[in-house]
Every structure is written in C-alpha cells, then in structure tokens.
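# Architecture at a glance
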Amino acid sequence: MGFIEELKSKVSAQCPSIVFPEGEDERILGACVRLQEERILAPVVLGNIDKIKETAQAKGLNIDNLAVIDPLNYDDTDALADAFVERRKGKIDKEGAIEMLKDPNYFGTLLVYTGRAAGMVSGAVHTTGETVKPALQIIKTKEGFKRTSGLFVMLRGDEQYLMSDCAINLEMDAPTMAEVAVITDMTGKQFGMDPHVAMLSFSTKGSAKSDEVTMVQEATALVKENHPEIKIDGELQFDAAFVETVAKKKAPGSPVAGHANTFIFPNLAAGNIGYKIAQRFGGFEAIGPILQGLNHPVNDLSRGCNEDEVYSLSIITAAQAIL
Ligand SMILES: CC(C)(COP(=O)(O)OP(=O)(O)OC[C@H]1O[C@@H](n2cnc3c(N)ncnc32)[C@H](O)[C@@H]1OP(=O)(O)O)[C@@H](O)C(=O)NCCC(=O)NCCS
Ligand SMILES: CC(=O)OP(=O)(O)O
C-alpha cells in the first residue's frame, strides 16, 4: 500500500473535520468534494457562498453535502474574537480581532484553535507568510520546540523522501537546524518511516571550509549528543547522502551516507529551490509544506499546487490531527 493510501485508511476511521479557507479556488473545492464523497475527512469550506457555487458549477461539482461557512456572515464570530484576544494577551483588542477575522486564514486558524476543526489547509492562493502567520501567533509551537519548519514529503512510485526546512526559517543557525532535524525525524516516525537523516551541505566531512559548513557540523553534533537514537550524519553533499558508490568514496563508514531518505537543508534558499527542482525536473509529487511542531496541524500549500497535491496534503493534515 502506498504512503497516502495507508494514511487514508487510518484517517477515514475517525473522519476529522479540516477547514479550507480558500473554498472559492477550484483545486481546493475539487479536492474537498473528493474527500467528502470518499468519506475520508469532513471538509469545512470557507468563502462567499455565491462564488463557491460559481466555481462548483464551472467545474461540474456537486457541493450539496459540503459544509460552507462565510466568515463575513458567521453566528459565532464574537466567541472567536474573544478567544483571539485572550490568546494574544494584550497584542490585539476585540475590535481589532473582529476586523482580523474577516481574513479567512485568521478565521480558519481560530476555528482550529477553538476546537471547531481539527486542522487547516491553505496557501493555494495565499503566500506562505499570509497562511502561516496566524498559526504562529495563535496555535504556536508545542512545548519543547522554538521554531516551526516546513517539511515536504516527496513521492515518486515506491520512492518516499522527506525534505526540510523548505518553507519557513529565513535565518538558520546550528540550534535551529538541529531542531529541524529532530522534528523531521519525529514526523517521519509518526508516518511510519525509518528516517536516515542527512545534514546537507556543499561539503562532505570537511572537504570544504566555511562558516556555513561549520554550522552544519555543529548542528549534526548537537543532534548526535542530545538524541543518540536518531540515525543521522553530516555534513554531507547530496550525492554522498544519496548515492552508495559516492558515499563509499566521500564518507566511508557513515551510518547514513548512501541511503539517506530524510534531507535537512542548511538554509531556506537551498530547501525551497531543492524541493522544487526534484518536483519539476524529477517528477516527484511534492506534498507540503507540512508545518512541524505546532500544537494543531495547520498546513500550507504551494500556489503552484494541483488538486491531487491538495487532496494528499489534506489527508496528511488529518493524519497529524489523529495520530
Ligand atoms: C514565517 C514568517 C512569515 C514569519 O514572519 P515573521 O515576520 O518572522 O513573523 P513575526 O516576527 O511577525 O512573528 C509572528 C509570530 O510568529 C512567531 N514566529 C516567527 N517565526 C516563527 C517560527 N519559525 N516558528 C515559530 N514561531 C515563529 C513569532 O515569535 C511571533 O510570535 P508572537 O507574535 O506571539 O510574539 C517569515 O519567517 C517568512 O516570511 N518566512 C518565509 C516564508 C516564505 O516565503 N517561504 C518560501 C515559500 S514556502
Ligand atoms: C512552498 C512554496 O514555495 O510556496 P509558494 O510556491 O506558494 O511560494
């Protein structure tokens, strides 16, 4: 059984409710109708009902059984605003909260925070910043984690790899890269994988010297020291991490080199460019970014996503909510 198929059977047993702030988008609406008809999860679609009906008609979708909420016309806005003000502790007043709730990403995030939905999927229309900022402010990271990070599950046939951080952290240092590695290992295990983690660089085992190479070496050392149970090595170039013959030459004796399946990037440019190259040149399905380390699952999409990627990320979001 494939990765998504396996999660699907676990998720459908509980059928959690997932909110989609971009209900007027045809890729979102198409995926929601499929998820609802297959009884995998219970979508809650946000948007203007007339515009959603227009999208449905243009695509020939039957939305009769879909839960739709217009954030501009919702009975419980007052309760959401109160929860928002309480959570932000002096950073927003009631009037400001009511205004912010007109933004579907804030509205959807508050539905998740207050337990009205188990998770959220957005970002097919909005930028990553617009999508994730409400979650960073309201959902926040779990105890023990300082930074969230954006993971991609890369799928092609039987191949399955994890890549992160491809979406969030503009500045990388050794503690942040170490934290990304630890949480990515946890996510992989949560999804039933056996992560072999490569801390990526343009250098393998000291073949080049620079501040960034030192940062990756320090991050690797931090993980090895604090989490001896994690299968990790670095710093490794991608070929040394992935190709056995190259690993034998560049990193002999490494427990990970040559068969890594989990790749941690040394900066956001490498991560974001790297996953898109694998997706567009390599023909991988790229599912994510999956935000790791938050109290509840809120996941972003690339604006370049297709309906199948929305469908798959929704199943992963539901799985994060129940596993
Ligand atoms: C994610 C991002 C929007 C955060 O923006 P930001 O300007 O740092 O956010 P702010 O400084 O306003 O912080 C907002 C809140 O988020 C928290 N925060 C910021 N980055 C965080 C992170 N990585 N993890 C957890 N919390 C974070 C802050 O602590 C702050 O909390 P507070 O308001 O309760 O004090 C920004 O880092 C970003 O644009 N990243 C790149 C996104 C992108 O375009 N990626 C490429 C495409 S996927
Ligand atoms: C993840 C990502 O790169 O998002 P977008 O393509 O929307 O910028």
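Residues numbered from 1 in each chain as written. Chains lettered and ligands numbered in written order. Predicted model: local features only at pLDDT ≥ 70, side-chain atom pairs only at ≥ 80, totals over all residues. Heavy atoms only, no water.

## Re the nonpolar core
Rule in force here: To form a nonpolar core, buried Ala, Val, Leu, Ile, Met, Phe, Trp, Tyr and Cys residues must be joined to one another through side-chain atoms within 4.5 Å. With a 1.4 Å probe rolled over the protein chains alone, any residue whose accessible area is under 20% of its type maximum counts as buried; one over 50% counts as exposed, and the rest are partly exposed. Secondary structure elements are defined from DSSP: runs of H or I of at least 4 residues count as helices, runs of E of at least 2 residues count as strands, and each element is numbered from the N terminus.
With 38 residues, the main nonpolar core has F3, F20, V153, L301, I315 and I316 as its most contacted residues. Secondary-structure elements contributing two or more residues to this core are α1 (3-12), β1 (17-20), α2 (26-37), α3 (49-59), β5 (149-156), β10 (285-292) and α13 (307-322). Formed by 27 residues, the second largest nonpolar core is a distinct cluster that contains L46, F84, A97 and L101.

## With respect to the packing of α2 against α13
This is how it is decided: Angular values range over 0 to 180 degrees, each being the angle between N-to-C directions of two axes fitted as lines to C-alpha atoms, with helices fitted over their stretch in contact. We call two directions roughly parallel when the angle between them is under 35 degrees, roughly antiparallel when it is over 145, roughly perpendicular when it lies between 65 and 115, and oblique otherwise. With the far helix as reference, a near helix turned anticlockwise by less than a right angle produces a left-handed crossing, and one turned clockwise produces a right-handed crossing. Should any heavy atoms of two residues lie within 4.5 Å, those residues are considered in contact. Residue classes follow a fixed rule: Ala, Val, Leu, Ile, Met, Phe, Trp, Tyr, Cys and Pro count as nonpolar, while Asp, Glu, Lys and Arg count as charged, and any other residue, Gly among them, counts as polar.
Two numbers describe how α2 lies on α13: the axes approach to 8 Å, and their chain directions differ by 55°. Considering the angle they form, α2 stands oblique to α13. For the crossing formed where α2 meets α13, the hand is right-handed. Residues E26, R27, I28, G30, A31, R34 and L35 of α2 form the contact with α13, whose own contacting residues are E307, D308, V310, Y311, S314 and I315. A breakdown of the residues in the contact of α2 with α13 according to their chemical character gives six nonpolar, two polar and five charged.

## Concerning the site of ligand 1
Our working rule: For this description, a residue counts as near a given molecule or strand if any of its non-hydrogen atoms is within 4 Å of it. Here a polar contact means two N or O atoms within 3.5 Å. Within protein one must be a hydrogen donor candidate and the other an acceptor candidate, and residues neighboring in sequence count only if both atoms are side-chain atoms.
Around ligand 1, the surrounding shell holds 18 residues, and the nearest of these are R88, K140, T148, A167 and I168. In this structure, R147 approaches ligand 1 through a side-chain N or O atom, which is 3.5 Å from a nitrogen atom. A distance of 2.8 Å is found between a nitrogen atom of ligand 1 and a backbone nitrogen or oxygen belonging to A167. Elements with a minimum of two residues in the shell around ligand 1: α7 (128-139) and α12 (268-280). With five residues, α7 is the largest single contributor of residues to the shell around ligand 1. Of the residues contributing to the shell around ligand 1, the split by class is six nonpolar, six polar and six charged.

## A word on the UniProt feature "domain: Phosphate acetyl/butaryl transferase" (unreviewed entry) in the protein
Note the cut-off: UniProt positions are given in the numbering used here, feature names are shortened, and annotations may be inferred rather than shown by experiment.
Look at the UniProt record and you will see "domain: Phosphate acetyl/butaryl transferase" (unreviewed entry) annotated at residues 3-318. The span residues 3-318 is 46% helix and 17% strand, and its two end C-alpha atoms sit 14 Å from each other.

## Notes on the packing of aromatic side chains
In plain terms, the rule: Pairing of aromatic side chains here covers Phe, Tyr and the six-membered ring of Trp, requires ring centres within 6.5 Å, and sorts the geometry by plane angle: under 30 degrees stacked, over 60 edge-to-face, intermediate tilted. Placement of a charge over a ring requires the Lys NZ or Arg CZ to be within 6 Å of the ring centre, with the centre-to-atom vector within 35 degrees of the ring normal.
Evaluated as defined, the whole model comprises ten aromatic pairs. For the ring pair F152 and Y275, a centre distance of 3.6 Å and an interplane angle of 15° mean the geometry is stacked. One end of the pair, F152, is in strand β5; the other, Y275, is in helix α12, and 123 residues separate them in sequence. Comparing F152 with Y275, the two get one shared label, buried. Taken together, the aromatic side chains of Y161, F238, F242, F263 and F284 make up a single cluster linked through ring pairs. Lying over the aromatic face of Y311, R34 brings its terminal NZ or CZ to 4.0 Å of the ring centre.

## With respect to the site of ligand 2
Under the convention used in this document: Each accessible area is a Shrake-Rupley result for a 1.4 Å probe, and residues are judged covered by the shown protein chains and nothing else.
In the region of ligand 2, the neighbouring residues are T128, F152, N272, Y275, K276, P289, S302 and R303. For ligand 2, an oxygen atom lies 2.9 Å from a polar atom in the side chain of K276. Against a free-state accessible area of 260 Å², the protein chains account for coverage of 87% of ligand 2. At three residues, α12 tops the list of elements feeding residues into the shell around ligand 2.

## Thoughts on a nonpolar patch on the surface
The condition that has to hold: Surface patches are defined over residues having more than 30% relative accessible area and no salt bridge, joining like charges when they lie within 9 Å and nonpolar side chains (Val, Leu, Ile, Met, Phe, Trp, Tyr) when within 5 Å. Salt bridges are counted wherever a side-chain nitrogen of Lys or Arg sits within 4 Å of a carboxyl oxygen of Asp or Glu.
Residues F238, F242 and V243 make up a contiguous nonpolar surface patch of about 230 Å² in total accessible area. Mapped onto the secondary structure, F238 falls in helix α10 (residues 238-242). Given a relative accessible area of 40%, F238 falls into the partly exposed group.

## Details of the sheet that holds strand β8 (residues 232-236)
Rules: Here a strand pair is declared whenever DSSP counts at least two bridges between the two strands.
One open sheet holds the six strands; their spatial order is β8-β7-β9-β6-β5-β10, and the pairing between them is mixed. Looking at which strands have only one partner, the edges of the open sheet turn out to be β8 and β10. Across the sheet, the mean angle from the axis of one strand to that of its neighbour is 20°, orientation sign disregarded. Pairing analysis gives four bridges linking strand β7 (residues 197-200) to β8, with the strands arranged parallel. Paired with M199 across the two strands is G234, which belongs to β8.

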